[in-house]
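Per-entry structural report
One-letter residues, chain by chain:
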Amino acid sequence: MKSWIGPSLGIALLALSGAAQAELKNPGTLVYLWTSDIRTLDPAYMADTPNTYVSINTHMRLLNYKGSEISEFVPALSTEVPSLENGLIKPGENGSISYTFPIRKGVHTHKVGVKGADGAIAWKLYDELTDQEKAAIVPGYGELTAQDVKYSLMRAILQGDSWMANAVTEMITAGKYPNIEAWAMDLAGVKTFAEVDAAGLAKVHDALSDKIKVDGDRVTIVLDAPFPATLGIMALPFATSILDEEWTRDQGDWDGTAGTWKQFHKPELGEDKLFEVENGSGPFMVEDWDRSQKKITMKRFNGYWQGPAKLERVVLRSVPEWTTRLLQLEAGDADVVTTPVEFLDEVGEKPGIKVTQGLPQVFGRSIFYIWPVSAVDNPAIGSGKLDGKGIPPDFFSDIDVRQGFNYAQDYQLLLDDVLLGKTVQLRGPTVRGIMGYRPDSPVYTYDPEKAAEHFKKAWGGQVWENGFELTAYMTEGNSAYHSALSLLQQNLARINPKFRLKIQQLQAATFADKVYGGADPSAPMAIMGWGPDYSDPGGPLGAATYYLSSTGLVGGMVGEGYRQLMRDKFDPLLKQAWTTVDPAEREKLYAKLQDMSHEYATTQFLWEEYGYIVTRDWVDGYVHNMIEYGAWDFYPISKAEKQ
Amino acid sequence: MLAYAIRRLSFVPIVFFALTLMIFAMQMMLTPTQRVITYVGSPDALKGGAAQVAALIEKYGLNDPFYEQYGRWIGNILQGNLGWSETARMPVAEALVSLFPATLELVIFAFVPVVLGAIWLGSRAGVHLNRPVDHGIRLFTVLGWSFPTFVFGLLMLMVFYGSVGWFPPGRLSQWAMVEVGGGGFRRWTGLNTVDALLNGNLPIFLDSLRHLILPVVTLCYVSLASMTRIMRTSMLEALRQDYVRTARAKGMSERVVQNRHARRNALLPVVTIAGMEVAAMLGGVVITETIFDYHGLGQFAANAAANLDFPAVLGFALYFSLVLVVLNLVVDLLYPLFDPRVRLA
């Protein structure tokens, strides 16, 4: 009797194996499995790519990037893209310049304030309102206005937490102040932000307020001097996302007055009033953010001014195990998955799975040297001395150390065997397509003899004699990062067995705390990827500035020693390049800066980022924009069975 | 029996107090700079650098004597304040509470089959010593012992999800997540199966069962092996006892001898091991949770440790010690049911 069970089960398994593969599941819902996680829902607080996936879809900005273009824009909350031709960009007095944005009418946020029979205002989902309730929407409560734009920009600048918010400060002051604290200190005439008194705080608030003017349905931003990247910054999905002032105040956030802004300056994550709530006006709204399950669900906003998106829902879920992600993609339970580059070719051969490769990226991956690092209780530097059991906090201040490390990396092996020949070596801050890039600029190659030569000279010979031990940090789950550090680790040990490099993988948020979360970084070495936020290499968010300016994004996180080097050697040339008008001259200057990054071994430049996505073949509509680091704008995405 | 139970219960606060002392003492091995993170709301509070850290050390009295710091710490814990977990992006207590139901559900479904299966298989093997049944069960347990969880789990996933699509990873299907997240589904316990039944929603109940099968089977197989071997050895030992021989001499049926006389006495070591097994499972099953995309306490604890998320690690240590204390108590209270001599002692 029982003899038929085994064979029957086997046949059933085989018969069902095909059925598991191809059917379209969850129509209308896009399931995106990744290894990342988001940190906050407050667009002013966020500054990294995973968060962009949310803010770009939940909030509107004044302008958007035009498809894949990185220097062209389309209207969003602003009805027009300012230009000299349409008169919305106007030169002013004393070299200032103003940008005027006419604000679109009838744009609602996901939740709007409706007055009840008792006169109380309740925030309700716009999509669920009856016609009668729509008529009872309180003016200003959920319909975006020019005042909301002003409030949102001021709130982000005054919050001053993310470098994206600080970039807006830098833009508005035409590079004079890198953040609101510097501006306040200057106006108050003091040396630390803690010394700025109430009058000083009010003064900077008023100065900022004067630069963002509201006139009816128009917002005009007045810059002290021309700033070429202005429109690019206004289109980035971070601090320039527009909030509803009344709703934000109702959450207990800043009331918009000069006397209270300091209470909301640099809030702790959990204390930020918008940390876990969202009320943007973008095509999707946050339906659920389950932090314990690392899952965020966004639901379509039918009241979106351009009409509802094709997808009903988008789910972003963190699944750390690659095999599990792959099986879910194959089974159709996932539509998009983060894929390690080494599996790309293999995955591309599977039926029903689409690999889109060769997407341009504007940034590279590098190992950053950080000095000085915190000397107190810092396990990353061991003993804190060059005794073979640690390193001094300013270990990387010696150029021979940096050059030794750079010659100890096997770039070609990484490119060939880890990145499967899909990209090229990074030559400096600027990548192919950016001004200043030259294919023949000098690069480091693996040369153990030259590495040994430099290590023997470093720190008066102590490095070679005593050896060292230090910890390099990386974000968890990135196999290419791990390969790069492992290769360096092995090569260093081959050059001198007393050279010990330890590798520590951390979750993104913890990594951020160690590397760029404080005034005293604790990581002496970290592998990351940073890129510009517009195509010009200059300005606060340009590639050259990011890496090579004392006030740049990289400079801000890799220690005062690095910043001093930038001040001494790079800042003057960067300033010259930014103020030079002739493009040919500018190109030469940025090329020179690229060469100098090699000469001073500022960083270990590894490879140019390689762009690709892995999806089910029923997913269509992805628009890649390299300035947004490939973050998905889900509005044009559709999902339908292939015939 | 009541006196025995009271005696055992009276030990609980003492043991727990000792455990908190040990955990706090371990924490005190870190320097004030390293410990300050467990006191602040989030790492963002440390952004100001060394000066701010020094001010916070002063504010929280991290250079004060041990007993003063312990008093403040235990006071915070009693108020449910275990600090902020950067791993979970929420307070530690909230993270533990929100993840516990997922782990508990897994444990409930895995534990019952493990215990019943181990008792049955161990008894069968003991009774049929050196016969094909015994050899078969021994082979089964050796395989269970030797199979690494991640290999077994991945194999299960590839066959029963990748190939036939029966049992998907995660806790719920997408459609069910939408329904559970919607306003019509009330969350009572956080256990999907139980909540589905309480809401009278059979499709969600079946869907959550479907998602539980592979992690439960994986967990069962690995745990079953060790417990079965203990039961078998214990059963063999019991079958050699004089009282079993006496029972047989009295003419009792072999079934009664095995079930009432031998098996009941053989259960004592299994009860002890089962208690420890449940405690280990409630501490989280990292590999099983990772493979099956099942976000529970195991993954949380592992991530917290890897991220040097001190508040989360300490909070988890406290939670786990509480689990151990409670389960030890339960095991102690169960002993007299199987062995009256414990009750009299």
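Residues numbered from 1 in each chain as written. Chains lettered and ligands numbered in written order. Predicted model: local features only at pLDDT ≥ 70, side-chain atom pairs only at ≥ 80, totals over all residues. Heavy atoms only, no water.

This part takes up the overall build of chain B. Regarding its fold elements, chain B presents 16 helices and two strands. Referenced to the eigenvectors of the C-alpha coordinate spread, the extents of chain B come out at roughly 85 × 55 × 40 Å. Taken over 345 residues, chain B has a buried fraction of 49%. Pairs at least 24 apart in sequence give 71% of the contacts found in chain B among residues at least 6 apart. Carbon and sulfur atoms form 70% of the exposed surface of chain B, whose accessible area is close to 15,900 Å². (Helix = DSSP H or I, 4+ residues; strand = E, 2+ residues; numbered from the N terminus. Buried < 20%, exposed > 50% of the residue type's maximum accessible area, 1.4 Å probe, protein only. Contact = heavy atoms within 4.5 Å. Areas by Shrake-Rupley, 256 points an atom, 1.4 Å probe, with all protein chains shown as cover.)

A common way to state how big an interface is: give the accessible area lost once the parts meet. Opposite the 52 residues of chain A that make contact, chain B presents 46 residues. When chain A packs against chain B, the two sides together hide about 4,100 Å² of surface, and 54% of this comes from carbon and sulfur. In this assembly, chain A and chain B are joined by three salt bridges. The shortest N-O distance in the salt bridge between Glu86 of chain B and Arg39 of chain A comes to 3.3 Å. Applying the counting rule to chain A against chain B returns ten residue pairs in polar contact (both at pLDDT 80 or more). (Buried area = accessible area lost by both parts, 1.4 Å probe. Salt bridge = Lys/Arg side-chain N within 4 Å of Asp/Glu carboxyl O. Polar contact = N/O pair within 3.5 Å; in protein donor to acceptor, adjacent residues only side chain to side chain.)

Ranked by size, the top nonpolar core spans 169 residues in total, and within it Phe395, Phe405, Phe468 and Met525 of chain A carry the most contacts. The residues touching Phe405 of chain A, leaving out its near neighbours within four places in the chain, are Tyr369, Phe395, Phe396, Phe455, Phe468, Leu470, Leu488, Leu492, Met525 and Gln604 of chain A. Counting 51 residues, the second-largest nonpolar core is a separate cluster that includes Ala102, Val114, Met235 and Val285 of chain B. (Core = buried A, V, L, I, M, F, W, Y, C linked by side-chain atoms within 4.5 Å.)

Residue and element names in this part refer to chain A. For Trp34, the location among the structural elements is in strand β1 (residues 29–34). Sequence separation between Trp34 and Pro537 is 503 residues, and the spatial gap between their C-alpha atoms is 30 Å. Those residues within four positions of Trp34 in sequence are excluded, and the remaining contacts are Pro50, Tyr53, Leu316, Arg317, Ser318, Val319, Arg325 and Thr338.

Our next topic: the packing of aromatic side chains. Here the distance between the centres and the angle between the planes together describe a pair of aromatic rings. Residues and elements named next belong to chain A. According to the stated counting rule, one finds 49 aromatic pairs over all chains in the structure shown. Ring geometry for Tyr177 versus Trp183: centroids 5.7 Å apart, planes at 10 degrees, classification stacked. The same class applies to Tyr177 as to Trp183, namely buried. Three or more aromatic residues joined by ring pairs make a cluster, and in this case those are Tyr369, Phe395, Phe396, Phe405, Phe455, Trp464, Phe468 and Phe499. Directly above the ring of Trp289 sits Arg291, whose terminal nitrogen or CZ lies 5.3 Å from the centroid. (Phe/Tyr/Trp six-rings, centres within 6.5 Å; stacked < 30°, edge-to-face > 60°. Lys NZ or Arg CZ within 6 Å of the ring centre and 35° of its normal.)

Trp371 of chain A connects to Pro372 of chain A through a cis peptide bond whose omega is -10 degrees. By secondary structure assignment, the location of Pro372 of chain A is in the loop between β15 (364–369) and α12 (399–407). Notably, Asn94 of chain A is not glycine yet its phi reads approximately 55 degrees, a positive angle. With respect to the helices and strands, Asn94 of chain A occurs in the loop between β4 (89–91) and β5 (97–102). Its identity is not glycine, yet Arg89 of chain B carries a phi of approximately 60 degrees, on the positive side. Among the structural elements, Arg89 of chain B can be located in the loop between β1 (84–85) and β2 (90–91).

A few words on the pairing of strand β18 (residues 525–530) of chain A. Residue and element names in this part refer to chain A. Counted residue by residue, β18 has six buried out of six residues, so it is predominantly covered. A two-sided burial pattern is seen for β18, the buried positions comprising Met525, Ile527 and Gly529 on one face and Ala526, Met528 and Trp530 on the other. Judged from the six bridges that link them, β15 and β18 form a sheet pairing that is antiparallel. Looking across to β18, one finds that Tyr369 is bridged to Met525. Direction of pairing for strand β16 (residues 468–475) relative to β18: parallel, over a ladder of two bridges. By the bridge assignment for β18, Ala472 is matched with Met525. (Pairing = 2+ DSSP bridges.)

What follows covers a nonpolar patch on the surface. All names here are of chain B. On the surface, a cluster of nonpolar side chains totalling about 380 Å² of accessible area is made up of Leu322, Val326, Val330, Leu334 and Leu337. Structurally, the position occupied by Leu337 is in helix α15 (residues 310–338). Here Leu337 falls in the partly exposed class, since its relative accessible area comes to 47%. (Patch = residues over 30% accessible without salt bridge, like charges linked within 9 Å, V, L, I, M, F, W, Y side chains within 5 Å.)

Residues and elements named next belong to chain A. Applying the stated rule across the entire model yields 38 salt bridges over all chains. Measuring nitrogen to oxygen at the nearest pair gives 2.9 Å for the salt bridge that ties Asp253 to Arg155. Of this pair, Asp253 sits in the loop between α9 (245–250) and β10 (284–290) while Arg155 sits in helix α4 (residues 146–159), and the two are 98 residues apart along the sequence. Residue classification places Asp253 among the buried positions, given a relative accessible area of 7%. Between Glu181 and Lys266 there is a salt bridge; the shortest N-O distance is 3.4 Å. In this pair, Glu181 is assigned in helix α6 (residues 180–188) and Lys266 in the loop between α9 and β10, connecting sequence segments 85 residues apart. Residues joined by salt bridges that share partners form a network here, namely Asp42, Arg155, Asp253 and Asp272.

All names here are of chain B. Tracing the sequence through the fold places Leu329 in helix α15. Leu329 sits in the buried class, given a relative accessible area of 15%. Residues Leu329 and Gly275, 54 residues apart in the sequence, show an inter-C-alpha distance of 9.5 Å. If we skip the residues at most four places from it in the chain, Leu329 touches Arg8, Leu9 and Val12.

Geometry only, nothing functional implied.
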